[in-house]
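These are the residues of each chain, in order.
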Amino acid sequence: MMDWEVVIGLEVHVQLKTKSKMFCSCSTDFDSLPNENICPICTGQPGVLPKINRRAIELALIASKILNCKINRISRFARKNYFYPDLPKNYQISQYEEPIGYDGYLELPSGKRIGIMRVHQEEDTGKLLHYIGSRKLDYSLIDFNRSGIPLLEIVSKPDIRSPEEAVEYLTFLRLNLIYAGISDCDMEKGSLRCDANLSVRRKGEKELGVKVEVKNMNSFKSVKDALSYEARRQIKLLEKGEKIIQETRLWDERGGVTKSMRRKEYAHDYRYFPDPDLVELEFDEEFLNEVFSKIPELPLERRRRYIDELSLSEYEADVFISNKEASDFFEEVIKGENDKSFFKEASSWILNDLLGILNERKLSFNELKLKPEHLKELVKLKISGKITSKIGKEIFPVMLEKGEFPSKLLKELDMEQIQDEDEIRRICSCVLKENQKVVEDYKKGKKQAIGRLVGEVMKKTRGRANPRAVNEILRNLLESSP
Amino acid sequence: MSIKEIVEGIKNKKIKAKEVVEECLKEIRERDKGVNSFITVFEEDAIKEGELIDRNLEDLKDKKLLGVPISIKDNILVKGKRTTAGSKILENYIATYDATVVKRLKEEGAIIIGKTNMDEFAFGSSTETSYFGPTRNPVDIERVPGGSSGGSAASVSAGFVPCSLGSDTGGSIRQPASFCGVFGLKPTYGRVSRYGLIAFASSLDQIGPFAKNTFDLALIMEVIAGYDEYDSTSLNEEVPEYSKDIENFDIKGVKIGLPDEYFELGVDSEIKDRILGICKKLEEEGSIIERIKLPHTKYAVSVYYIVAPSEASSNLARYDGVKYGYSNRNGKDLIEDYFLTRRDGFGEEAKRRIIIGTFALSSGYYDAYYLKAQKVRTLIKRDFEEAFKKVDFIITPTSPQVPFKIGEILDPISMYMQDVFTIPASLAGIPGLNFPAGRNKDGLPIGLQILGKKLSEREIFCFSFFLEKILEKEVMDHG
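Bear in mind the structure is a predicted one, so any value in this text is a computation, not a measurement.

Details of the overall build of chain B
Argument step 1. Helices and strands together make up the secondary structure of chain B, namely 16 helices and eleven strands.
Argument step 2. The C-alpha radius of gyration computed for chain B amounts to 21 Å, which stays within 12% of the reference 23 Å derived for 479 residues, consistent with globular compactness.
Argument step 3. Expressed along its principal axes, the backbone C-alpha trace of chain B runs to roughly 70 × 60 × 45 Å.
Argument step 4. A burial count over chain B gives 62% of its 479 residues as buried.
Argument step 5. Taking as baseline every contact in chain B between residues at least 6 positions apart, the subset at least 24 positions apart corresponds to 75%.
Argument step 6. Working note: accessible area of chain B is about 18,000 Å², and carbon and sulfur atoms make up 50% of it.

Thoughts on the overall build of chain A
Argument step 1. Scanning chain A for helices and strands turns up 15 helices and 16 strands.
Argument step 2. What you see for chain A is a C-alpha radius of gyration of 31 Å, clearly larger than the 23 Å of a compact globule of 482 residues, by over 25%.
Argument step 3. Taken over the C-alpha atoms alone, chain A extends approximately 100 × 55 × 55 Å along its principal axes.
Argument step 4. Put simply, chain A shows about 23,900 Å² of open surface, and 49% of that area lies on carbon and sulfur atoms.
Argument step 5. On chain A, the mean spot of the 82 positive side-chain charges and the mean spot of the 81 negative ones are 4 Å from each other.

Quick notes on the domain arrangement of chain A
Note on interface size: it is often stated as the accessible area lost on association of the parts.
Argument step 1. What the domain assignment reports for chain A is domain 1 (4–289), domain 2 (299–412) and domain 3 (421–480).
Argument step 2. Taking the mean C-alpha position of each, domain 2 of chain A and domain 3 of chain A sit 33 Å from one another.

Observations concerning the interface of chain A and chain B
Argument step 1. The interface of chain A with chain B comprises 31 residues on the first partner and 38 residues on the second.
Argument step 2. The junction of chain A with chain B conceals about 2,800 Å² of combined surface from both sides, 56% of it contributed by carbon and sulfur atoms.
Argument step 3. The largest share of the area that chain A buries against chain B comes from Pro46, Leu49 and Phe83 of chain A, three residues that together contribute 21% of it.
Argument step 4. Lysine 51 of chain A is the partner of glutamate 229 of chain B in a salt bridge, and the nearest nitrogen-oxygen pair spans 3.2 Å.
Argument step 5. Seen at the junction of chain A and chain B, the total is 19 residue pairs in polar contact (both at pLDDT 80 or more).
Argument step 6. Secondary structure elements with two or more residues in the side of chain A that touches chain B: β4 (78–81) and β15 (273–274) of chain A.
Argument step 7. In terms of residue class, the side of chain A that touches chain B is built from 19 nonpolar, six polar and six charged.

Thoughts on the side chain of threonine 398 of chain B
Residues and elements named next belong to chain B.
Argument step 1. Locating threonine 398 in the fold gives a position in the loop between β9 (393–397) and α14 (412–416).
Argument step 2. Here leucine 448 takes part through its backbone oxygen, which lies 3.5 Å from a polar atom of the side chain of threonine 398.
Argument step 3. Separated by 3.3 Å, the side chain of threonine 398 and the backbone nitrogen of glutamine 449 make a polar contact.
Argument step 4. The contacts of threonine 398, once residues within four sequence positions are left out, are Arg174, Gln175, Ser178, Phe421, Thr422, Asn434, Gly447, Leu448 and Gln449.

Concerning a nonpolar patch on the surface
Argument step 1. A cluster of nonpolar side chains, namely Leu129, Ile132, Tyr139 and Leu141 of chain A, defines an oily patch on the protein surface of about 330 Å² accessible area.
Argument step 2. Going through the elements one at a time, β8 (127–132) and β9 (135–143) of chain A are the ones with two or more residues in the nonpolar patch.

Quick word on the sheet that holds strand β3 (residues 111–116) of chain B
All names here are of chain B.
Argument step 1. Strand order in the open sheet made by the eleven strands is β1-β3-β2-β4-β6-β5-β10-β11-β9-β7-β8, with mixed pairing throughout. In this open sheet, the two strands that pair with only one neighbour each are β1 (38–41) and β8 (288–292). Ignoring which end each strand starts from, the neighbouring axes of this sheet average 30 degrees apart.
Argument step 2. Here strand β10 (residues 432–439) runs beside strand β11 (residues 445–451); their pairing, made up of six bridges, is antiparallel. Bridging across to β11, glycine 432 finds its partner in leucine 451.
Argument step 3. Where helix α6 (residues 150–157) meets the sheet, it contacts β1, β2 (69–73), β3, β4 (163–168) and β6 (206–211), and its direction lies at approximately 155 degrees from that of β4.

Examining the packing of helix α2 (residues 17–35) of chain B against helix α3 (residues 43–55) of chain B
All names here are of chain B.
Argument step 1. Interaxial distance between α2 and α3 falls to 7 Å at its minimum, and their mutual angle equals 160 degrees. Comparing their axes, α3 and α2 come out roughly antiparallel. Taken as a pair, α2 and α3 cross one another with a handedness that is right-handed. On α3, the residues that touch Ala17, Lys18, Val21, Glu22, Leu25 and Arg29 of α2 are Glu43, Ala46, Ile47, Gly50, Glu51, Ile53 and Asp54.
Argument step 2. Grouping the amino acids of the contact of α2 with α3 by side-chain chemistry returns six nonpolar, one polar and six charged.

Re helix α6 (residues 314–322) of chain A
Argument step 1. Among all positions of α6 of chain A, only Glu316, Ala317, Val319, Phe320 and Ile321 of chain A are buried.
Argument step 2. Residues of α6 of chain A that are buried in the fold lie against α2 (163–179), α5 (299–308), α7 (324–334) and α8 (340–361) of chain A.

Some remarks on the nonpolar core
Buried together is how nonpolar side chains tend to be arranged in soluble globular proteins.
Argument step 1. One finds Phe121, Leu165, Leu282 and Phe384 of chain B to be the most contacted residues of the largest nonpolar core, which totals 151 residues.
Argument step 2. Of all hydrophobic cores here, the second largest spans 72 residues; its members include Val6, Leu173, Phe287 and Val291 of chain A.

Here we look at unusual backbone geometry
Residue and element names in this part refer to chain B.
Argument step 1. Cis peptide bonds are those with omega within 30 degrees of zero, and the linkage from glycine 147 to serine 148 qualifies with 10 degrees.
Argument step 2. Phi at alanine 85 takes a positive value of approximately 55 degrees, unusual for a residue other than glycine.
Argument step 3. For alanine 85, the location among the structural elements is in the loop between β2 and α5 (100–107).

Quick word on the packing of helix α9 (residues 372–383) of chain A against helix α10 (residues 389–402) of chain A
Relative placement of two packed helices is described by the angle separating their axes and the distance separating the axes.
All names here are of chain A.
Argument step 1. Direction vectors running N to C along α9 and α10 enclose 170 degrees, while the axes themselves pass 11 Å from each other. For the element pair α9 / α10, the angle class is roughly antiparallel. Contact residues: α9 offers His374, Leu375, Leu378 and Lys382, while α10 offers Ser389, Gly392, Ile395, Phe396 and Met399.
Argument step 2. A per-class count over the contact of α9 with α10 returns five nonpolar, three polar and one charged.

Looking at the sheet that holds strand β5 (residues 91–94) of chain A
Residues and elements named next belong to chain A.
Argument step 1. Strand order across the open sheet formed by three strands is β5-β4-β15, with antiparallel pairing between neighbours. Lying at the two open borders of the sheet, with one neighbouring strand each, are β5 and β15.
Argument step 2. Examined bridge by bridge, β4 and β15 share two bridges and lie antiparallel to one another. Along β15, the bridge assignment pairs arginine 79 with phenylalanine 273.

Structural notes on the environment of valine 391 of chain B
Residues and elements named next belong to chain B.
Argument step 1. Along the chain, valine 391 turns up in the loop between α13 (367–390) and β9.
Argument step 2. Overall, valine 391 belongs to the buried group, its relative accessible area being 2%.
Argument step 3. C-alpha separation for the pair valine 391 and arginine 291, spaced 100 residues apart in sequence, amounts to 9.9 Å.
Argument step 4. Look past the residues within four positions of valine 391 in its chain and what remains in contact with it is Lys255, Ile256, Gly257, Glu290 and Ile292.

Let's talk about the packing of aromatic side chains
Argument step 1. For the structure shown, the criterion picks out 36 aromatic pairs over all chains.
Argument step 2. An angle of 70 degrees between the planes, with centres 6.1 Å apart, marks the rings of tyrosine 270 of chain A and tyrosine 272 of chain A as edge-to-face.
Argument step 3. When the centroid spacing of 4.6 Å and the interplanar angle of 85 degrees are considered together, the rings of phenylalanine 123 of chain B and phenylalanine 200 of chain B count as edge-to-face. Here phenylalanine 123 of chain B is found in the loop between β3 and α6, whereas its partner phenylalanine 200 of chain B is found in the loop between β5 (183–186) and β6, with 77 residues between them in sequence.
Argument step 4. Residue classification places phenylalanine 123 of chain B among the buried residues on the basis of a relative accessible area of 1%.
Argument step 5. Linked through ring pairs, Tyr93, Phe121, Phe123, Phe200, Tyr319, Tyr324 and Phe346 of chain B together constitute an aromatic cluster.
Argument step 6. Taking the ring centre of tyrosine 230 of chain B as reference, the NZ or CZ of lysine 51 of chain A above it sits at 4.6 Å.
Argument step 7. Above the face of the tyrosine 91 of chain A ring, lysine 89 of chain A is positioned so that its terminal group lies 5.4 Å from the ring centre.

Details of the environment of leucine 471 of chain B
Argument step 1. By secondary structure assignment, the location of leucine 471 of chain B is in helix α16 (residues 457–477).
Argument step 2. Residues contacting leucine 471 of chain B, with those up to four places away along its chain left out, are Ile278, Lys281 and Phe435 of chain B.

Some remarks on helix α8 (residues 214–224) of chain B
Argument step 1. Along α8 of chain B, eleven of the eleven residues are buried, which leaves the element largely enclosed by surrounding structure.
Argument step 2. Within α8 of chain B, burial applies to Thr214, Phe215, Asp216, Leu217, Ala218, Leu219, Ile220, Met221, Glu222, Val223 and Ile224 of chain B.

About the thresholds
Residues numbered from 1 in each chain as written. Chains lettered and ligands numbered in written order. Predicted model: local features only at pLDDT ≥ 70, side-chain atom pairs only at ≥ 80, totals over all residues. Heavy atoms only, no water. Helix = DSSP H or I, 4+ residues; strand = E, 2+ residues; numbered from the N terminus. Rg over C-alpha atoms; globule rule 2.2 N^0.38 Å. Buried < 20%, exposed > 50% of the residue type's maximum accessible area, 1.4 Å probe, protein only. Contact = heavy atoms within 4.5 Å. Areas by Shrake-Rupley, 256 points an atom, 1.4 Å probe, with all protein chains shown as cover. Lys, Arg positive; Asp, Glu negative; His and termini not counted. Charge placed at Lys NZ, Arg CZ, Asp CG, Glu CD. Domains from an automatic or database assignment. Buried area = accessible area lost by both parts, 1.4 Å probe. Salt bridge = Lys/Arg side-chain N within 4 Å of Asp/Glu carboxyl O. Polar contact = N/O pair within 3.5 Å; in protein donor to acceptor, adjacent residues only side chain to side chain. Nonpolar A, V, L, I, M, F, W, Y, C, P; charged D, E, K, R; others polar. Patch = residues over 30% accessible without salt bridge, like charges linked within 9 Å, V, L, I, M, F, W, Y side chains within 5 Å. Pairing = 2+ DSSP bridges. Axes fitted to C-alpha atoms, helices over the stretch in contact; angles between N-to-C directions. Parallel < 35°, antiparallel > 145°, perpendicular 65-115°, else oblique. Left-handed = near helix turned anticlockwise from the far one by under 90°. Core = buried A, V, L, I, M, F, W, Y, C linked by side-chain atoms within 4.5 Å. Phe/Tyr/Trp six-rings, centres within 6.5 Å; stacked < 30°, edge-to-face > 60°. Lys NZ or Arg CZ within 6 Å of the ring centre and 35° of its normal.

Below, the structure is given as structure tokens:
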């Protein structure tokens, strides 16, 4: 194993986050009933023509830009011809010779750069259903809802050197695409799909080995497992003196093996040619600048800002950037604030309290009743000393449940801070009377005994007094009495 | 009756729209058996439309095609109606939407009478490859009407309808117009939306009108032309009112080019003499006739028979028996179902072109065929650009021959050569009009082709209108 080097290139397909499809105005909604989002265009009726979705082109340009690609100033769509029932026209509108972007790279957090061969746009196919529940049908059903949804294909160069690195690349690519608003990248919903090309060679060798395409990997874990298996399989064969056959293999999740699907020599001839129904796309400087000016903050930029400007720890910054929803919520909470203790406090509430509860209840941020402005107020009350940590912790679950401002809930629950100093003084006097022994200890010089007295006052007020004020009043009372 | 007469008559309540429709339907019922120009006739619906117009006349008075009966080639979709493209594979296909041109015609009050016969998927020059049997030329029932829009040309020529829509990929409007002795225009590529036209060769297909005179032709164009957001290749250029001021034309000093390549061997001498005779007349009227050269003309048919089948092979892939249309499911698996469906669903010529196109696009052959053909296409385009720097119009015969007999041409290559004079303008994307230039000694129509530069439809109409006038005068002068 040690003498071998694994060489991996990944082909990633992501569904672009557009409201309508690539070449018609049908909705891209994932939760619709089968064949609800279809029209003559995306079902390949006779006589229809494609109409380009401008937003999809913009997203493809942005993806190319953040992947440091060169942009083809004249880009063209091509037809990829093959017959399959999920492809209504029996050709897919894709790109061939003039993709939107080419020759770029993605720099991983580790600093390693993975080359990007090309970024091109295409349309998705429909979905074939061979089962209803677990019953295998003796026919197949077609759902064309997915047909014509805009896809981006991102092809990496064979720069990846291990299955772990493949996952690292995927994770970080995904994060960047999510941050740039290009795709949801939800593997479960199929909005991110990944195929791999893998070969092995002896360390130090210059030539690439025979590559095998691996498909049907449905999670990052299966990417790692499939590629690890495939690397081992190839090495074993070569060590036995056998040859690798160029082919496509499918990952069998249950069996934990890759299985041969088809030999490359039977590969389709896709007969690509420029799609005569679509005119060339021409991007001028002005248009590109306008599109690129709208690129949102990317994960690494955000991470740097969190550490350098907001003084969060590296750990906090990392948790936030890997969870964009949490980070976006945090952004809303800290909007307009510039106090570092505010950032720290807000971050702590989200990372230490909110995330745990969300994970536990399997909720997402948009299902949350708690709004950023509610948390913002809580943080303010806390750092201004208007509530104690204890009150904070008590009121927080109520805020989550009710979706209300803490000030309103505190009032309703009679948990507001006692503003009246005389009232506090009265309670303090009472506590002193009831705790003569502690008072004596204090007077004998055990100054830390005051802590117990403060505790007693807080108990009596159910935490509604400002501990700092209590401390001061008690001290005054103690010092002034003989 | 001309379109102008129909619209005026209905507006002024001299005739009823319903009567106009009924008259058309009666003619079709009585005489189309021998011609076979229609695949489908919308008897009931057309009468209903006529009645609707008569009832709502006051609100419809400014409609340009008020109550005008029109036939539509059966590769253009009319919502809710069968649209076959002359093929078994779409024998029972019902269109789910209106083509843009159909929508525009309906909006201007036109009444669609029915769908006309055509070569299967527009593959042919004689309307003999239709699954629904050949159309016959109304001028001589033994002869072909040309193609592929033979049904449309014949329906106008026979007097069933005053106008029709066809489609032209390599001559499919101009050549049948020539054979049937009517006017027909292939517009500039992109001038008319292709949305709802069953694609043959996307980079060449254009929808265009047939009519009995230039004015009517211009009026139809006025309605159907213009940018359509559903067709990315449609041109976003303003559409002039082609029929307005059509008589404003000064022939003095107008330069007309006669390309040598179109008057060489193979052209019927009577056709040649007739065209040159008309040019002489134009010269007498004050135009300047110049001999010009379009040197790459000889490659045009070869280029066309690579580009067009290549695009067609891809465009026709969707007819697979899965979603709609003819389906043979007796195969042992999916692949065999595809084979059986397409073997039985397509005719011989369609299969020939699919195979040619598939071959030309195959990896290893693409550069030698498709790419090379595209390069030569550019040269042909340049020939015309150069020519139009020197002349205003180019005049050629539309077809090297008068209509031939049904079954006379069996060899595909000879059939392909029928379009030798119409193909170059298609490859260049320029407009071309067939002007019916009288008959030969056997009484068969001769066609004169007027070509102009891109988007010069208005000038072509004015010129054609002028020509119509002087030739009418000639006929009157010489009895």
